[in-house]
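# Inside the fold
One-letter residues, chain by chain:
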Amino acid sequence: PAVTLLMCVCSMVVVSCALVRGDRYSVRRDAHATTPGITTIRIVNGAGHLDVVGRPGSSTVNATAMVHGSSRKAVDAVRLVVERHGNVLEVRAERPELSWFDRIDASVDLTVEIPRDIAIDILDGSGPARIDSVGAIRIRSGSGEVHVSDATGSVDLVSGSGDSELRNVNGDVA
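Attention in this report is confined to the structure presented alongside it. (Residues numbered from 1 in each chain as written. Predicted model: local features only at pLDDT ≥ 70, side-chain atom pairs only at ≥ 80, totals over all residues. Heavy atoms only, no water.)

### Concerning the overall build of the protein chain
Worth spelling out the cut-off: By the criteria applied, helices consist of DSSP H or I runs no shorter than four residues and strands consist of E runs no shorter than two, each listed in order from the N terminus. Exposure is judged per residue with a 1.4 Å probe applied to protein chains only, and the accessible area is read against the type maximum: over 50% gives exposed, under 20% gives buried, and values in between give partly exposed. The contact criterion used throughout is that any non-hydrogen atoms of two residues lie within 4.5 Å.
Per the secondary structure count, the protein chain includes one helix and 15 strands. When the 174 residues of the protein chain are sorted by exposure, 39% land in the buried category. Excluding contacts between residues fewer than 6 apart, the proportion of contacts in the protein chain whose partners are at least 24 apart in sequence is 57%.

### Some words on unusual backbone geometry
You will see that Ser 133, though not glycine, has its phi angle at about 60°, which is positive. Residue position: Ser 133 is located in strand 11 (residues 129-134). Taking relative accessible area as the criterion, Ser 133 reaches 14% and is therefore assigned buried. For Asp 150, which is not glycine, the phi dihedral falls at a positive 55°. Positionally, Asp 150 belongs in strand 13 (residues 146-151). With a relative accessible area of 27%, Asp 150 lands in the partly exposed category.

### Quick notes on the nonpolar core
Operational definition: Put simply, a nonpolar core is a bunch of buried Ala, Val, Leu, Ile, Met, Phe, Trp, Tyr and Cys residues held in one set by side-chain atoms that sit within 4.5 Å of each other.
Ranked by size, the top nonpolar core spans 38 residues in total, and within it Val 52, Ile 120, Ile 122 and Ile 131 carry the most contacts. Per-element accounting of this core gives the leading share, five residues, to strand 9 (residues 106-115). Once residues within four sequence positions are removed from consideration, Ile 120 is found in contact with Ile 41, Val 52, Ile 114, Ile 131, Val 134, Ala 136, Ile 137 and Arg 138.

### Some points on the environment of Ser 107
You can see Ser 107 is positioned in strand 9. In contact with Ser 107, other than residues within four places in its own chain, are Arg 24, Ala 47, Gly 48, Met 66, Val 67, His 68 and Arg 95.

### A closer look at the side chain of Asp 30
Going by this rule: A 3.5 Å cut-off defines polar contacts: any pair of N or O atoms within that distance qualifies, except that in protein one atom must be a possible hydrogen donor and the other a possible acceptor, and neighbouring residues in sequence count only when both atoms are side-chain atoms.
Looking at the secondary structure, you find Asp 30 in strand 3 (residues 24-34). Residue Asp 30 is classed as buried on the basis of its relative accessible area of 9%. Looking at Asp 30, its side chain comes within polar contact range of the side chain of Arg 28, at 2.8 Å. Among the polar contacts made by the side chain of Asp 30, one reaches the side chain of Thr 64 at a distance of 2.7 Å.

### Let's talk about the pattern of salt bridges
To keep it simple, the criterion reads: The working definition used for a salt bridge is a side-chain nitrogen of Lys or Arg within 4 Å of a carboxyl oxygen of Asp or Glu.
Counting across every chain of the model gives 13 salt bridges. Between Glu 113 and Arg 55 there is a salt bridge whose closest N-O contact spans 3.1 Å. One end of the pair, Glu 113, is in strand 9; the other, Arg 55, is in strand 5 (residues 50-55), with 58 residues separating them in the sequence. Residue Arg 55 is classed as partly exposed on the basis of its relative accessible area of 37%. It is possible to trace a salt-bridge network through shared partners that takes in Arg 42, Arg 79, Glu 83, Glu 90, Arg 92, Glu 94, Asp 121 and Arg 138.

### Some remarks on the side chain of Glu 90
Secondary-structure assignment places Glu 90 in strand 8 (residues 88-94). A polar contact of 3.4 Å, which involves the side chain of Glu 90, links it to the side chain of Arg 42. A polar side-chain atom of Glu 90 sits 2.5 Å from a polar atom in the side chain of Arg 92. In this structure, Glu 90 is in contact with Arg 42, Val 44, Val 81, Val 82, Glu 83 and His 85, ignoring residues within four places of it in sequence.

Here it is, written out as C-alpha cells:
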C-alpha cells in the first residue's frame, strides 16, 4: 500500500505503562522511528502540551505521549501512531472517532525529539506548544501559547488564540 505502517517493526517500539493519579488515569506510550529518506516530519496533537526538540546529527524520531483522562477507557483508547507516507513521517496522538455521547475525554502531553535538519509541519489543537532547536517549521495551532526558539529555517505560524513567542529565528517569519 501507499502508506507503510511503521508500528511493530524493528525501527519502532511501542511501550505502555499505566499510572493512576488521584481520580485521573495516565498512560505512557513511546514510539521510535528512523528517518532515512524523510524530508518532513508531521506532528499532530489534539488537546494537551506539545514539546518538540531538534537533535543535531540525529537520524531517529523519539516520541513520548503521556495520556491523561478521567477513566481507564479514555486513556486506553488513545494511541501513539508513527506512519511513513512517502518522504513524510507522521507522529500523531490518535483518538477513536465515536459518537457525541461516547466521547473520549483525554488529553495528550506529547514530546517529540527529531533530527534538527528535517523540516517539521505541526498541527496542534489546544494547549501550549514549545518548539526548540529545529530547522524549517510550519505550525497551525488552534489555541494555546506557542514558543519557538533556535530555528535555523523559516517559521510559518498561524495561531487561533494564545500568545506566540519567536526567539533566535534564522529564517523568514510568516
